[in-house]
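Chain residues, written in single-letter form:
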Amino acid sequence: MLTTESLPRLQALLREAHVDGWLLFDFHGVNPIASGVLALQGMVTRRVFAYIPAEGVPHALTHAIEQAPWSHWPAEWQREQYSSWRSLEAALRRLLEGKKVAMEYSPGGAMPYLDRIPAGALEMVRAAGAEVVSSGELVSGFFAVLNAEQVASHERAAVIIARIAQEGFTRAAERARGGTPLHEHELQRWILDEFAREGLEVPDHGPDVAVGASAANPHYEPSAEHPVEIREGQTVLIDLWAREPSGIFADQTWMASMGAPSARAQEVWRAIRDARDAAIKLLTERVEQGHPVRGGELDDAARDVISERGFGEYFTHRTGHSIDPRSLHGSGPHLDNLESREQRLLIPGVAFSIEPGIYIPGEIGMRTEVNAVVQDGRVLITPMDYQKELIVL
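Residues numbered from 1 in each chain as written. Predicted model: local features only at pLDDT ≥ 70, side-chain atom pairs only at ≥ 80, totals over all residues. Heavy atoms only, no water.

Engineer: Go over the sheet that holds strand β3 (residues 59–63), please, and point to the residues and values.
Structural biologist: On the basis of which strands lie adjacent, the open sheet formed by six strands has the order β4-β3-β2-β1-β5-β6 and mixed pairing. Only two strands of the sheet have a single neighbouring strand rather than two, namely β4 (78–82) and β6 (131–134). Pairs of neighbouring strands in the sheet enclose a mean axial angle of 25°, with direction left out of account. Bridge count between strand β1 (residues 21–26) and strand β2 (residues 48–53): six bridges; the pairing is antiparallel. Pairing of Trp22 across the sheet is with Ile52, part of β2. Lying over the sheet, helix α3 (residues 85–96) contacts β1, β2, β3, β4 and β5 (100–103), oriented at roughly 175° with respect to β3. (Pairing = 2+ DSSP bridges. Helix = DSSP H or I, 4+ residues; strand = E, 2+ residues; numbered from the N terminus. Axes fitted to C-alpha atoms, helices over the stretch in contact; angles between N-to-C directions. Contact = heavy atoms within 4.5 Å.)

Engineer: Describe the side chain of Gln252, naming the residues involved and giving the relevant values.
Structural biologist: Relative to the elements of secondary structure, Gln252 occurs in strand β9 (residues 250–257). Polar contacts involving the side chain of Gln252 include one to the main-chain carbonyl oxygen of Ala158, which spans 3.0 Å. Those residues in contact with Gln252, other than ones at most four positions away along the chain, are Ala158, Ile161, Ala162, Ile238, Asp239, Leu240, Glu369 and Pro383. (Polar contact = N/O pair within 3.5 Å; in protein donor to acceptor, adjacent residues only side chain to side chain.)

Engineer: Describe in detail the sheet that holds strand β11 (residues 351–354), supporting the description with residues and values.
Structural biologist: Sheet architecture is open: four strands sit in the order β10-β11-β14-β15, paired in antiparallel fashion. Bordering the open sheet on either side are β10 (322–323) and β15 (378–382), each of which pairs with just one other strand. Two elements, β10 and β11, share two bridges in a ladder whose sense is antiparallel. Bridging across to β11, Ser322 finds its partner in Phe352. Where helix α8 (residues 263–289) meets the sheet, it contacts β11, β14 (370–375) and β15, and its direction lies at approximately 5° from that of β14.

Engineer: For the pattern of salt bridges, give the residues involved together with the corresponding values.
Structural biologist: The tally for this structure, following the rule as stated, stands at 24 salt bridges. A salt bridge links Arg231 to Glu229, with the shortest nitrogen-to-oxygen separation between them at 3.8 Å. For Glu229, a relative accessible area of 33% translates into the label partly exposed. One salt bridge in this structure joins Asp274 and Arg273, with 3.0 Å as the shortest N-O distance. Look at Asp274 and you get partly exposed, because its relative accessible area is 22%. One network of salt bridges, with partners in common, ties together Arg163, Glu167, Glu194, Arg197 and Glu198. (Salt bridge = Lys/Arg side-chain N within 4 Å of Asp/Glu carboxyl O. Buried < 20%, exposed > 50% of the residue type's maximum accessible area, 1.4 Å probe, protein only.)

Structure, rendered in structure tokens:
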């Protein structure tokens with residue numbers, strides 16, 4: 001959130017980015033980054049612009065009938081009202097003409113999580129005489145970074161969900177051997193009940209529990225309408241995510257075999273494990289040596305391993321997603337050079353998943369997932385004791 005206390009840090013980022021300012025735009029929540037930075041409360045139904053200069057005080061353009069949401073805007077900052085489109089466009093020209101401004105714009109749609117400005121709004125800003133560049137590094141450095149308290153919240157959640165995943169596997173194995181196997185959706189329900197007992201929050205879907213070929217669908221969701229038993233001789237995927245109230249999500253995927261795994265299952269498991277570890281190794285080496293590293297590079301590192309093992313065509317998604325202070329799939333840098341062209345730096349404070357997978361339709365699906373938080377000179381991987389071998393139950 002933009003405050004008088006956070007403004008100096010943001011303005012330092014603006015100067016490092018060599019832009020005159022950051023122009024935030026929102027309309028009906030089309031830009032969650034702008035709405036998150038401004039944190040307006042109450043009815044906001046008209047177009048909003050807020051210009052944060054590299055030097056000087058912020059300047060908001062607000063509709064005349066919607067002043068209440070700006071009650072927290074500091075009195076020493078500028079706030080200008082508009083009513084007509086003519087007055088809005090004139091104000092934009094006075095404010096922006098000749099300036100280089102950053103907006104949530106991604107040239108060529110390279111990074112969809114940053115492509116939040118409607119084409120018409122972008123044309124309006126350019127018509128006002130401004131040069132528009134991407135705000136990607138500002139989003140990473142101001143909007144997406146975690147503070148120490150948030151990292152601690154993430155770590156606590158990571159410990160709990162790792163324990164629940166492993167207890168879930170044990171529960172499934174005991175039921176299978178006892179002759180009353182659990183169904184996928186029943187184990188899912190048990191995990192949700194455990195989250196509630198621990199006081200953790202989850203979004204409106206998941207967790208995922210998938211057996212055998214079901215896991216070959218990366219977005220598989222178990223259901224009571226199509227029950228699938230968890231039986232001996234199967235591989236089981238558990239993907240689960242949760243957070244403390246107002247905390248930071250932890251997101252993990254674990255793999256197990258109900259009984260001795262097949263040679264094929266071991267081959268697929270080792271490919272995804274080694275791909276994950278290649279990404280972790282590159283990340284850790286670069287950060288510890290003080291060298292830059294980008295999300296797309298880690299995606300390449302993981303993907304190269306899977307391709308070398310002959311499974312490249314079955315790794316059909318990015319290696320990891322941003323985890324920011326507001327969202328499980330956040331607006332910070334992703335590990336992606338497949339679905340999008342992620343070139344943002346992985347700077348201290350950003351968090352993300354590392355989750356390579358192999359999905360062979362009709363046969364098998366496997367994924368391994370840990371989370372990473374970049375810190376000064378080091379990388380925190382959660383859970384601390386992450387999966388090294390296929391769990392055999």
